[in-house]
Every structure is written in structure tokens, then in C-alpha cells.
Number of protein chains: 2
Amino acid sequence: MLACNETAALLRGWDDILIICHENPDGDALGSLFGLVRGLRSMGKRADWYCASPVPEKFAYLAQGVENTGLTPAHVLTVDVADQKLLGDAWEKSGGKIDLAIDHHGTHKAFAPARWVEPESAATAEMIWLLLKELGADLSREAADAVYTGIATDTGCFRFRNTTGRTLRLAAEAMEAGARAGELNRHLFETKSLAYFLAERHMLESMELFCGGKAAMVLLPQSFYAETGAREDEADAAVGQLRQIEGVLVGITIKERPNGEIKASLRTNPPVNASAICERLGGGGHAGAAGCTLAGMDMAQARETMKAACQAYLAEWEEANG
Amino acid sequence: MLACNETAALLRGWDDILIICHENPDGDALGSLFGLVRGLRSMGKRADWYCASPVPEKFAYLAQGVENTGLTPAHVLTVDVADQKLLGDAWEKSGGKIDLAIDHHGTHKAFAPARWVEPESAATAEMIWLLLKELGADLSREAADAVYTGIATDTGCFRFRNTTGRTLRLAAEAMEAGARAGELNRHLFETKSLAYFLAERHMLESMELFCGGKAAMVLLPQSFYAETGAREDEADAAVGQLRQIEGVLVGITIKERPNGEIKASLRTNPPVNASAICERLGGGGHAGAAGCTLAGMDMAQARETMKAACQAYLAEWEEANG
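Everything numeric here is computed off the predicted structure, so don't read it as measured data.

Q: Looking at this structure, how should I read the overall build of chain A?
A: For chain A, the helix and strand inventory stands at 13 helices and 11 strands. What you see for chain A is a C-alpha radius of gyration of 20 Å, in line with the 20 Å of a compact globule of 322 residues. Dimensions along the principal axes, computed over C-alpha positions, put chain A at roughly 60 × 40 × 40 Å. Taken over 322 residues, chain A has a buried fraction of 54%. Of all intrachain contacts in chain A linking residues separated by at least 6 positions in sequence, the fraction that spans at least 24 positions is 64%.

Q: Whenever I open this one, the relation of the copies chain B and chain A confuses me. Can you help?
A: Once chain B has been moved 0.0 Å along the axis and rotated by 180°, it coincides with chain A to within an RMSD of 0.1 Å. Read as a symmetry element, the transformation amounts to a two-fold axis. In this assembly, 100% of the residues forming the interface of chain B have copies in chain A that are likewise at the interface, indicating an isologous arrangement.

Q: Explanation requested: the pattern of salt bridges in the structure shown.
A: Side chains bearing opposite charge may pair, as long as their charged atoms lie close to each other. Residue and element names in this part refer to chain B. Taken as a whole, this structure holds 44 salt bridges over all chains when the rule is applied. Notably, a salt bridge pairs Asp-48 with Arg-41, separated by 3.2 Å at the nearest N-O pair. The shortest N-O distance in the salt bridge between Arg-166 and Glu-118 comes to 2.9 Å. Placement of the pair is Arg-166 in helix H7 (residues 165–176) and Glu-118 in the loop between strand S5 (114–117) and helix H5 (124–135), with a sequence separation of 48 residues. Bridged by salt links that share partners, the residues Arg-141, Glu-142, Asp-145, Arg-180 and Glu-183 form one connected network.

Q: In this structure, what is going on with the environment of Ile-245 of chain B? I would like to understand it.
A: If you trace the backbone, Ile-245 of chain B turns up in the loop between helix H11 (232–239) and strand S8 (250–256). Judged by relative accessible area, which is 2%, Ile-245 of chain B ranks as buried. Separated by 202 residues in the primary sequence, Ile-245 of chain B and Met-43 of chain B place their C-alpha atoms 48 Å from one another. With near-sequence residues (within four places) excluded, Ile-245 of chain B lies in contact with Lys-192, Leu-194 and Phe-197 of chain A together with Met-207 of chain B.

Q: Quick question: what am I supposed to make of the interface of chain B and chain A here?
A: How big an interface is tends to be expressed through the accessible area that disappears when the partners come together. Listed as interface residues are 42 residues of chain B and, on the opposing side, 42 residues of chain A. Roughly 3900 Å² of surface becomes buried between chain B and chain A when both sides are summed, with 52% attributable to carbon and sulfur atoms. Sorting the residues of chain B by area buried against chain A places Arg-159, Glu-190 and Gln-244 of chain B first, and these three jointly supply 20% of that buried surface. Between chain B and chain A we count 4 salt bridges in total. There are 12 residue pairs in polar contact (both at pLDDT 80 or more) connecting chain B and chain A. Only H7, helix H8 (181–190) and helix H9 (194–206) of chain B provide two or more residues apiece to the side of chain B that touches chain A. Per-element tally for the side of chain B that touches chain A: the top contributor is H7 of chain B, with 9 residues.

Q: Got a minute to help me understand the side chain of Thr-149 of chain A in this structure?
A: Structurally, the position occupied by Thr-149 of chain A is in helix H6 (residues 141–154). Given a relative accessible area of 0%, Thr-149 of chain A falls into the buried group.

Q: How should I be thinking about the sheet that holds strand S6 (residues 208–210) of chain B in this particular structure?
A: Sheet strands associate in pairs through backbone hydrogen bonding, adopting either a parallel or an antiparallel arrangement. Residue and element names in this part refer to chain B. Spatial strand order, S6-S7-S8-S9-S11-S10: 6 strands in an open sheet with mixed pairing. The open sheet terminates on both sides in strands that have one partner only, identified here as S6 and strand S10 (284–285). Relative to strand S11 (residues 289–293), strand S9 (residues 262–268) runs antiparallel, the two being bridged by 5 bridges. Pairing of Lys-263 across the sheet is with Thr-293, part of S11. Relative to the sheet, H9 contacts S6 and strand S7 (215–220), its axis offset from that of S7 by approximately 125°.

Q: For this particular structure, what's the right way to read the packing of helix H2 (residues 27–42) of chain A against H6 of chain A?
A: The description of two packed helices rests on the angle between their axes and on the distance between the axes. All names here are of chain A. With their axes 7 Å apart at the nearest point, H2 and H6 run at an angle of 160° to one another. Here H6 runs roughly antiparallel to H2, going by the angle between their axes. The two elements H2 and H6 meet at a crossing, and its hand is left-handed. Of the residues in H6, those in contact with Gly-27, Asp-28, Gly-31, Phe-34, Gly-35 and Arg-38 of H2 are Glu-142, Ala-143, Ala-146, Val-147, Thr-149, Gly-150, Thr-153 and Asp-154. Partitioning the contact of H2 with H6 into residue classes produces 4 nonpolar, 6 polar and 4 charged.

Q: How do you make sense of unusual backbone geometry when you look at a structure like this?
A: Of note, the bond from Pro-270 of chain A into Pro-271 of chain A is cis; its omega dihedral lies within 30 degrees of zero at 5°. Position of Pro-271 of chain A among the secondary structure elements: in the loop between strand S9 (262–268) and helix H12 (274–279). Phi is positive for Asp-16 of chain A, close to 55°, though the residue is something other than glycine. Looking at the element boundaries, Asp-16 of chain A is found in the loop between helix H1 (4–12) and strand S1 (17–20). Not every positive phi belongs to a glycine, and Cys-211 of chain B is a case in point at roughly 50°. One can find Cys-211 of chain B in the loop between S6 and S7.

Q: Which parts of the structure should I look at to understand H2 of chain A?
A: Helical geometry note: an α-helix holds 3.6 residues per turn, so side chains three or four residues apart project in the same direction. End to end, H2 of chain A covers 22 Å across 16 residues, agreeing with the expected 22 Å (1.5 Å per residue, within 8%). Positive phi shows up at Gly-44 of chain A, right after H2 of chain A, with a value of about 85°.

Q: Before we go on, may I ask you to explain the pairing of S1 of chain A in this structure?
A: Along a regular strand, successive side chains alternate from one face of the sheet to the other. Residue and element names in this part refer to chain A. The alternating pattern of S1 places Ile-17 and Ile-19 on one face and Leu-18 and Ile-20 on the opposite face, and all of these are buried. Sheet topology places S1 next to strand S3 (residues 75–79); 4 bridges connect them, and they run parallel. Opposite Leu-18, over in S3, you have Val-76 as the bridge partner. Taken together, S1, H2 and strand S2 (residues 47–50) form a β-α-β motif whose crossover is right-handed.

Definitions and limits used
Residues numbered from 1 in each chain as written. Chains lettered and ligands numbered in written order. Predicted model: local features only at pLDDT ≥ 70, side-chain atom pairs only at ≥ 80, totals over all residues. Heavy atoms only, no water. Helix = DSSP H or I, 4+ residues; strand = E, 2+ residues; numbered from the N terminus. Rg over C-alpha atoms; globule rule 2.2 N^0.38 Å. Buried < 20%, exposed > 50% of the residue type's maximum accessible area, 1.4 Å probe, protein only. Contact = heavy atoms within 4.5 Å. Least-squares fit on C-alpha atoms with pLDDT ≥ 70 in both. Salt bridge = Lys/Arg side-chain N within 4 Å of Asp/Glu carboxyl O. Buried area = accessible area lost by both parts, 1.4 Å probe. Polar contact = N/O pair within 3.5 Å; in protein donor to acceptor, adjacent residues only side chain to side chain. Pairing = 2+ DSSP bridges. Axes fitted to C-alpha atoms, helices over the stretch in contact; angles between N-to-C directions. Parallel < 35°, antiparallel > 145°, perpendicular 65-115°, else oblique. Left-handed = near helix turned anticlockwise from the far one by under 90°. Nonpolar A, V, L, I, M, F, W, Y, C, P; charged D, E, K, R; others polar. Expected span 1.5 Å × (residues − 1). Right-handed = clockwise from strand over helix to strand, strands pointing away.

That is the geometry; function is a separate question.
Take a look at the structure:
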């Protein structure tokens, strides 16, 4: 396991670097990816990037001016990737050879020989900012925007419990380096389409409370997207409010993917551990946010399976904690 | 106009201090009030507090253990008060004699002989934290909770444009002094009653878009509160989302008060200046949040008056800025 300065030392000796994040990338994956690519290029290094999924329109600004050069990678590193399973076709693309992993997930699976993993970081982008400073890279406005985006999106704009004093200080540094926090916050958190509000209405109308109001569940079949016109991230944001309802400790969303695959996504409040519930079903994640795939089930079966898993967890927890 | 160190010097020479905030207090008013009372008491000074309105249940934790002693004030100061009109009966209570005003409103009316006014502060609580440090007061967990509450509530938990690098650094200091940011954020921002969601549904169903989708308006008659069971702050939070709808620059709420008085509350996005619109109608506030009282009007008249004021402002703005 490397420290920040050891990771910087390693990178100083590298060139022709390919940086990869996980598929279905979020703001932290892309903020970390483009922040690091920009930083390495500012040092005169050749660096390209790859993600198995297209960059969502919401985060397109991060990729602006960071075209790939088509280099043949001498070194491959991942950012914000907890498990090689999350790389999609990037695993083949890297020739199955990842040299370095930079990640903040407590569930990180050691798939790379060299790793800098800091679960106490609210976002991988926190680590990227520290790394850019350690490297003496150019802390440009674009790099600052990228890091701010990663930190802000992974902390719910500094609301979540993963936010520390350091998180706020690093975000302050990014702002002072030129990150357009006000505009980015409005773009990322304060702008909602009418489709979002339709998704929210669906959530309010269809949600099911159980476990005596401690758990709330919403089903999102493919038809939901057609009816509301909501994108997946809009739907996620709408149903993310389930656990905000007074008394609700577990918010569960059952999603039907375009390929028919059924996935469950959990958002919990302390003391409930979302990852502990999802691990029983072969999934994982963080204490407050986790997910799992419910292979071979239809929506109704997935619904009952998640209800049972949630009831069992809460029953055991109450037995253990009175 | 005083600076922080001059304000501290003044307070060092004082004792038997009464601290007052505005009526219908928000998190910044109460966070600043109780943060300062606790700080002054930690220095061995006698300090009491007064607010013309009861402390909302949501902020009751700030007042815990800060009972008044019934002292006869030798000095009176206000925190977060932009205009003596906002003091309610506290004006009489102070004998019409306010010695010092500490405030962050750009619209501050100079009603006290000594003033420390810092419009660049996102919250008055930012100034209170600087003042407590300048005074060498005890930065207790309770004082830190109070200051964090003020900063977080006045910045929408660091989302609004008033948030600066300093805002984040001072919040980090409060967290490191023991402010329970995670718990407070959940309490202040992440916990919503079912009544809140009913208020949100009312907002989604009844909102009116005009000025080509640049403005959105919701009416909140007294009957609304009876039907949803929502408190005023819950209703405010729900309708506060109006300006989050893509393309909306002005979110307007017309409220009927229990006494029948009609008030308009505006939340705007740049470049629209909420205060400029409300000042035409005898009100005021900040660029992004302002209000006015529509004396002698019913809801329908208030609705048309606000629409006209809003249309006139936007027309002039477009003429001026192409």
C-alpha cells in the first residue's frame, strides 16, 4: 500500500500513461480521471484516458479539451475503481495489466500490484488534489473544476457524513485555484428538469413503506423512464430522497435495466449499513450507499427478496442492539 | 464601521450584555445569537438573549443550556438584523437603544451607533466565529454547533453562490472544534416530514410558469397549511425548489399569513436580482433571496402585482442586456 508521496514518486518516473475509471462513471470517477490527466499533461507527460461508458452529458464539461492522443500505454492506472469487475471492457483494453490503483473505497479489491487506497477520503478526487500538489502539477482552473466536481458529487455537496474538515479545506483550495463552485453547484445540484420532478412524483405516489416505516421502497421498471422521460441519474436523485423521509433508515430502489437485468440500490441512514445488506445478496458498496444485482429475478421477486433481506437485517440489528 | 478586532475590543470592555436577533429567526440568526452568548459567557461575562419570536423546534438544540439570567442589560447588540423593523417587540425591549449591530446583509440599515457589517460573509455566523477567535472565547462543541448551523443554513449547506473558500475553511474549523456536521446536516437538510412531501406535491401541482418559463409562482393560502400539515419552513423548502426547474430564473411564493397579511418571497438565479424586484414594492433582501409585504391586497391581486413587477424587471433587464 502506497502513500500519497510514494504514489507521486512512482508517477514521476512514468510516461505514456493510460488512466481508467469505472463504467457508468459518476462525478468522482470523472473528476478524478480528468483532474489527473490534466495534471500529468501539465507536467509534460503523455497521458490518455478511457472509460467503458460514454461520459454523461452532465459531466461533458470535464472532458472539454482533453482529447486522447492515441498513445500506446506504457503504464495503466485506475481511479475510483473498487473492483476490476467495474472496469467493463477497459480490463481487456489494458491487457489485463493495471499497474496502479488510486481509490477511496473501503471495499477496494486489490487488483493492482501498486495501490493507494484511502477509505477516510470522502472522494477519490480529494486524493487527486493532494497528489497534484505533491507532484507540483499545474493547479489549473480546469483541474480545480474537476476535483471540486468529484468532491462535491461524492459528498452530496458536503452534506453526507463522509465530509470531513479536510474535505472542506481541499474544496476551499480548489475554489481558490479557480473552481467555479457556484456555477458547478447550480449545474450539479440545483438544476432539475421537469422530468426529474415527474420522477419525484412517481416516487411519492408509488413508494411502499415497511418495517414499521423504517424502510421505503420504489420500483423503477423500464416503462417508468418512457413515461417520465427521466434519465437514470435523475431517477436516482429523486428516489434518493426516500431515506430523507422522517423515520426511514433504508431507502431501496429496484431498477430494471434495459437488458432486463434487475438491480437493487440502497441508501441508508446510520446505524443501518447498506453494504452489509447488499453483501448478503452478492453486492457491496459503502455503509450509506450500496447495491446488488438480483440475477434471474423479475421485479416482483426482487421486491420480495429485498424486503426479506432488509427485514432480516433490521431484526438481527434490533436483537443485537436491543 | 468597525472591523472584527475593533468589535472584539468593544466587547471586552462590556458586561451585562443583551443579544437580540430578528423575529421569525432562521438558522443564521439563532446560530449567531447562541454562538455569541455561549462565547461571551465562556469569558465570564454576563450575557442574555432575546428574540421576538419563539425558537423554532428545529433549532431548539441551539438554546439548550442557555437559559436567561434576567440581567438588566448595560449594553444591547443585534446579530443578523438588517433593519430595526425586523426586531419586533425587541425594539421596545431594548429601550430603543441598540449599541452595536453585527450583520452580513448588504441592505443593512445603520440603526446602531457601532456597526460591524460584512456583506461578503455568507452568514453572520462566519463573523461570529472570527469574533470568538479574536476574543479568545472557548470554542466549545456547542458554540461550534451554533456557528456551523448558521453557516450551513445560510449557504444551503455550501451550495449557494455566497459560499466562499473562507466559508468552507471556517466550517472546517467549527467541525474540528466539535461541530457535529453529519448529524446537523441530516437534521437540517436531509430529514423531511411527510407533510413536506405533501407541500412539494402541492408545489408541483399548482405552480404557474410565466415569462416564457423564466418565472414560476406558487400560492400558499392559509388553507394550504391546514391541508398539508406543513410548517412554514417546510413550505419554504418545498417552494424553494421552483428556481431549480431548468430555465426558471425567478421563483415566487405568495403567502397568506395567519393575520391575513400577504407576503411575497422571491428566490432567483443570476443574473436576476431578487432584491431589485422586491424593492419596487417596498421590500428588500439579497440578490438571490428577497421578499416584500403586499399591503391591502388579496391573493389574486398580489399574484398579478408580482407577475407585473417580475415581467417589468425581466423586460428592462433584457432591453439593457440584449
